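So the chains spell out like this:
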Amino acid sequence: MTITSDPVATPQVIPIQRTRGDRIFRGVLIAGGLVAFLVLAGIFGYLAKSATPVLQAFGYHFFTDSSWYSGDGLLPSEGSVDPPTFGMLPMIWGSVLIASISVGIALPLGVGIALAIVYLLPKRSVFGFTLFIDLVAAIPSIVFGLWGFFVLMPHGVLWARWLNENLAAIPIFRVEFPAYDQSPFMAGLVLAIMITPIVAVVSRQIFSQVPPDLINAAQALGGSRWTVIRDVVIPFSKSGIIGGAMLGLGRALGETIAVFFVLQMFFDEVNWYRILESSGGSVASLIISKFGEASPLEISALFAAGLALFVVTLLANAGAVALVNSSKGKK
Amino acid sequence: MTETLVRDSLENGLVHLEAKDINVWFSSKHVIENISLQFPENSVTALIGPSGCGKSTFIRTLNRMHELIPGAQLSGEVLFNGNNIYGPAVDPISVRLGIGMVFQKPNPFPTMTIRENVLSGLKLSGRRARDEDSIVESCLTRSSLWTEVRDRLDSSAGALSGGQQQRLCIARSLALNPEVLLMDEPCSALDPSSTRRIEATIRELSESMTIVIVTHNMQQAQRVSDQTAFFLAEENQPGFVVEFGPTDSLFSAPNDPRTEDYVNGRFG
Amino acid sequence: MAKRLLTTLISLGFLASASFASPAYAETTLNAAGSSYANKYVLACQVADGNTKVNYSPGGSGAGRTAFGAGTVNFAMSDSATSSAPTFSGARSGKAANTRFIPVVGGPIAIMYKLPNIKSGDLRLDATVIAKILSGKITKWNDPAIKALQTSAVKSKLPSTKIRVVYRGSKSGTSGNLTNYLRQNVPTIWTKASNETIASGNPAGKMPAGSISAPNSQALVASVKKTTGSFGYADLSDAVSSNVAFAKIKNANGEYLAPTSASAGKFLAAFGGSSGYNSTTGAVTLNYKKKVVGGYNLSLITYAMVDTNALSTFQKSTAVEAFVKYMIDDCSSRAAGLGYSPLTDTLQAKALTAAATISQ
Amino acid sequence: MTTLIDSSNRPWKVRDKSYQAQQLLVHAGTPLAAVAVVALTGIKGMSGLFFTWLFLHLITGALLARFGKRRYSIANSSLQVLMVACITVFVTAALSVLIPVFVKGISAFSSNLLFQDAALVEPGAELTTGGILHALIGSIIIVSIASVISIPVGILAALYVTEVRGKLTPYVRFFVQAMSGVPSIVAGLFVYAAFIVTGILPYSGLSGAIALSILMLPTVARTAEEVLLLVPDDLRTAALALGSTQRRVVRMIVLPSAGAGLVTAAILGVARVAGETAPLLLTAFGSVSINLNPAAEPMSALPLFIFTQMLLGEDNDVARAWFACMVLLTFVTVLFGVARLGLSRRKMG
């Protein structure tokens, strides 16, 4: 460090000196910090590599065709006599349909629960009730699968029949075959209960951060509970709630086992809107249901499905995290 | 390097620690401008001034704690026993061993006992002490805490009162046998009687070491310090030293009208 | 606290390393996968044979062949002896293997249903009706074509509800044999070739509306059992133990026969002589139109798929040979009780000869 | 997602005896009326009862709002009724998950279920033969190995964020959060492609553990980060001022202060993955007998056992699945309860 004779010296970054031990230590920590990045890159790399044969052979048709036929497991270029066709549109659309139903149910339910926790429940019971919500969030998905199949479905069939018989004027409640079980509606119900805790916990965190001053000010202006929630609490928390819903959406899109038990998958036809029909699709469950029997080419197709799932859930999750964080940040 | 610093201390006369033309920036914000102060051996120097004028920032440049803040930049020199502590070959850890620091809020380590807290500096700097018991006793005695805690050295430090905790923090610094002790508003979180005890401790310690203390309390500055520096910062301007001199004359006959206004409580 | 955490971690580490070091099971353990038709038989034989333990995963014949090709199992069970060799992949890539099929046991495919007031064996069906139901041309239980086959007592009991088809979603030898049977008997209705994936090989291009897919025959039977108006197909062994109702099927002779070990045995006994058996691949070609008195035409033979290349390190060839022989020979006395039909003596001898090549 | 925030903010609390009595009458009376309506008319089932109550309560709430002791808007009363409805739906659904697991699990119990493996069990066999021991041992081995991998790495990642605070910190946080959204089946596919297809590992407990560790890592890292952030910066500064290196600050000050919280992070990680099924199907494969060697042969685990028993589909198989569900759920609940209570006590204290 030189002494400068100028009245105002130039700033200099102080060289941070660390002992060798500290440098190694920080190196280890940096390595630990980079593991997440490396794993994500590894997942993307291996999935992309394994998916390449199918993506090259089918191109965008893989995402727009409706067929899943393993044939003789050879490509036409390899001299196939019974060529396979892989198109996962029914699965992609099915995933979207199920996830929309589940978020459509879980969003109002979760927000209602969060509002109740913050503004309705007696203070003494709040701790116990949040513990209960967290516990439900920790129930393994396979348990939800059994529950969906054995407990929910018998009731769900009755609800679905009622919807079909009374509201058939609405196209989404029409069915071709009146079985009502293992439908996108049923899968959506199971997922809704699975993701409600996520929406509720996130919304509650956001609600708790609404400045009391704002609420008091709104009340002083004559606001009722309803108008305060409508005009102050919800607008303040909107982006956070949407973020919570997107976290739930990511979970719903990626859920495999619970959906596998309660959804009848149809590979050759897209069920566009008949949510009560026993026919649907799910990208994640497709992988489980086809993996055991798959030929190498079909496995490549499943990897392509996994890659698509990975990218979509990553985007949903990143968006959700950004929204929730920005909402938490504002005071 | 510390070893040489320490050995040189006697040869260089009275000035023990000296800041020369210190300028500090946080990223591009200039927060301290051209501060030069001298701290003679075994003296107590008080740094006073309104909030946000760079006193705490300045005191942190004296033992290289400042550079731990990301984006911190600096120019100028700090001479400790005549050697620049920002010299290229100087290990910042050895600087901190020679120049100890006590913070605004008492912060004993909550997972350690009183005894372990006193010895924590030795452990954290990777040293082994010959006779731990005598170090504990002498440090606690010098920080006037020994009589109060001698019977419960193995209980948690969290049970002590705020004033006791702060004295424990002083004892913790003393265990490293520093030549200089920097104190950043050590009494601002304490009640008046604890403050008195800390002040008494400071007076005792100053017989054997150089002390620099940041304080908001002008009576405290008058009670404990030999010399005082008055810091000031205009709006959005870097902080600078308005006046620096013996405490008595600075308070009784300030040279600068701003100093006079401040010490008489007209602003700040 | 850090110490406690550290101890926890270290003890976890010890647990892990201890389990690495411990020896594997003393008896020979074989991993096998494939036909869910053969599931009960394999399990029963491994219980009876004290020397070998078999982890059998009944994911379907296709799954078994894939797992075999990937080298993750020691042998596979398949309900069809497809001539195409598996494509080797995974841990096995590049390894030479000499695959062959060995007939193990036979049995009937039962057509099952759940209809109120119609007991097991009361419903009568033929190849035409089965083909029409599976291709969606008949959708209701009281369809005239079904009524025409019934006795007068059953005719009136047929409900007007829709037929709920339960089918195997994945590749399955049972589906392959059933579609082969339909293709041979009623080619004008079942216009597509035999296919192990019944949905893809369906003349309608898809399964009828409201169909339920099941991953293996056990799950299929369970679905049939709990769904009123259901129609499904599976091996007799699973149908018998579950008390599900099964239909009588008209054979090539015009007799209505229930699926039993004996009736299927009679049909299968007509093959495996010099005409049907291929000693190179091990496949037995079944002519589903063959007239056999008292013979239940809708039957199949299940095969063990083995590697006769003893050099391959993926095979515990001696143990595989011993167990396959055990299934063909000693265990065959248990077949009838489980709803399977043992091989005829001629075919059994040929199968044993083939099995002897596994570890040579 | 376990932050506990004080909800001290309830500006609508009203204290007025007769008003409260009126409220009580409506809120307690309406459910009773609903029960009566259901009993007298032909409306069927719990769902019928629920919707009858909801409908009635919306009306009585509106009446109370319009003509009651205190007047407020109908929207206000409807909001309150809907909040109660949300809670009711959720609690009912959640209990309908939890209760059957324990009822069916207990009714399937027989001691051999805990102490035998499934090697000799034919599909549909009586409940007095075989058991879930192989799956229980498999789960313990797989989850232990996953913990050994991801707890240290997760804590390192958290330490990077809280201690190093370098330029990469926001990215590390982002990637850890992104990783927590990876679908479990994708983790399984990755291990299958990277380890099993390439021949590095066979179908085995170790492969399964690697897949689980990918799912466990972000949970551990994020919880650990939360706890490490609770360690006051003062302590770090004080230690550095005493001439400590950063390594010693972390080892002697930060980690001991966060100790209990880190154990909590580890437990939450274990609870997160103990019930995962999909990745294990592609990696551990499943087995019917006890396998103590995670490196070689396929290994079972509780979720895998439940899955295969469900597919077998016969009554006894399903009963076994329920029993295994009960064991799994008890395990997860206990771990989770311990962790959650530990965490909240820490934050309050």
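Our next topic: the overall build of chain C. Within chain C one finds 13 helices and 12 strands. Each of the 360 residues in chain C was classed as buried or not, and the buried ones make up 59%. Considering only contacts in chain C between residues 6 or more positions apart, those separated by 24 or more positions represent 72%. Carbon and sulfur atoms make up 54% of the accessible area of chain C, which totals about 12,800 Å².

A few words now on the domain arrangement of chain C. Residue and element names in this part refer to chain C. For chain C, the assigned domains read domain 1 (28-106 + 298-355) and domain 2 (108-260). Taken over C-alpha atoms, the centre of domain 1 sits 28 Å from the centre of domain 2. Taken residue by residue, the interface counts 19 residues in domain 1 and 22 residues in domain 2. In total, about 1,600 Å² of surface goes out of reach between domain 1 and domain 2, with carbon and sulfur atoms giving 48% of it. For Arg65, the salt bridge goes to Glu196, with nearest N and O atoms at 2.5 Å.

All names here are of chain D. With 25 residues, helix H8 (residues 205-229) should cover 36 Å at 1.5 Å per step; its first-to-last C-alpha distance of 35 Å lies within 8% of that length. Considering bend angle alone, the principal kink of H8 is centred on Met216 and spans about 35°; proline Pro218 follows within four residues of it. For H8, a buried count of 22 out of 25 residues is recorded, marking the element as mostly surrounded by other parts of the structure.

As a further point, take the interface of chain B and chain D. At the interface, 24 residues of chain B touch 17 residues of chain D. Summed over both partners, the interface of chain B with chain D comes to about 1,700 Å²; 72% of that surface belongs to carbon and sulfur atoms. A per-residue breakdown of the area chain B buries against chain D is headed by B:Phe109, B:Thr111 and B:Leu124, which together make up 32% of the total. When the shortest N-O distance is used, the salt bridge between D:Asp234 and B:Lys105 registers 3.8 Å. Linking chain B to chain D there are 3 residue pairs in polar contact (both at pLDDT 80 or more). Those elements that provide at least two residues to the side of chain B that touches chain D are helix H3 (92-98), helix H4 (114-124) and helix H7 (162-174) of chain B.

This paragraph deals with the sheet that holds strand S5 (residues 83-84) of chain B. All names here are of chain B. Read across the sheet, 4 strands follow the order S2-S1-S4-S5 without closing on themselves; strand pairing throughout is antiparallel. This sheet does not close on itself; its edge strands, each paired only once, are strand S2 (29-40) and S5. Direction of pairing for strand S1 (residues 15-26) relative to strand S4 (residues 72-80): antiparallel, over a ladder of 8 bridges. Bridging from a neighbouring strand, Trp25 pairs with Gln73 of S4.

This part is about the sheet that holds strand S9 (residues 227-232) of chain B. Residue and element names in this part refer to chain B. The strand order S6-S7-S8-S3-S9-S10 describes an open sheet built from 6 strands, whose pairing is mixed. Lying at the two open borders of the sheet, with one neighbouring strand each, are strand S6 (99-102) and strand S10 (240-246). With direction set aside, neighbouring strand axes in the sheet form an average angle of 15°. Here strand S3 (residues 44-48) pairs with S9 via 4 bridges, running parallel.

What follows is about the side chain of D:Ser300. Looking at where D:Ser300 falls in the secondary structure, it is placed in the loop between helix H11 (278-283) and helix H12 (302-312). Those residues in contact with D:Ser300 that lie beyond four places of it in its chain are D:His134, D:Ala135, D:Gly138, D:Ser139, D:Ile142, D:Gly286, D:Ser287 and D:Phe305.

Moving on to the pairing of strand S12 (residues 299-307) of chain C. Residues and elements named next belong to chain C. Of all 9 residues that make up S12, 9 are buried, and the element is covered over most of its length. Side chains Ser299, Ile301, Tyr303, Met305 and Asp307 of S12 all project onto a buried face; the interleaved residues Leu300, Thr302, Ala304 and Val306 project onto the opposite face, where all are buried too. Relative to S12, strand S3 (residues 75-78) runs antiparallel, the two sharing 3 bridges. In the strand pairing of S12, Ala76 is matched with Met305. Here strand S4 (residues 99-114) runs beside S12; their pairing, made up of 9 bridges, is antiparallel. Among the inter-strand pairings, Val105 is bridged to a residue of S12, identified as Thr302.

Analysis parameters
- Residues numbered from 1 in each chain as written.
- Chains lettered and ligands numbered in written order.
- Predicted model: local features only at pLDDT ≥ 70, side-chain atom pairs only at ≥ 80, totals over all residues.
- Heavy atoms only, no water.
- Helix = DSSP H or I, 4+ residues; strand = E, 2+ residues; numbered from the N terminus.
- Buried < 20%, exposed > 50% of the residue type's maximum accessible area, 1.4 Å probe, protein only.
- Contact = heavy atoms within 4.5 Å.
- Areas by Shrake-Rupley, 256 points an atom, 1.4 Å probe, with all protein chains shown as cover.
- Domains from an automatic or database assignment.
- Buried area = accessible area lost by both parts, 1.4 Å probe.
- Salt bridge = Lys/Arg side-chain N within 4 Å of Asp/Glu carboxyl O.
- Expected span 1.5 Å × (residues − 1).
- Bend = angle between axes of the 7 residues up to and from the residue.
- Polar contact = N/O pair within 3.5 Å; in protein donor to acceptor, adjacent residues only side chain to side chain.
- Pairing = 2+ DSSP bridges.
- Axes fitted to C-alpha atoms, helices over the stretch in contact; angles between N-to-C directions.

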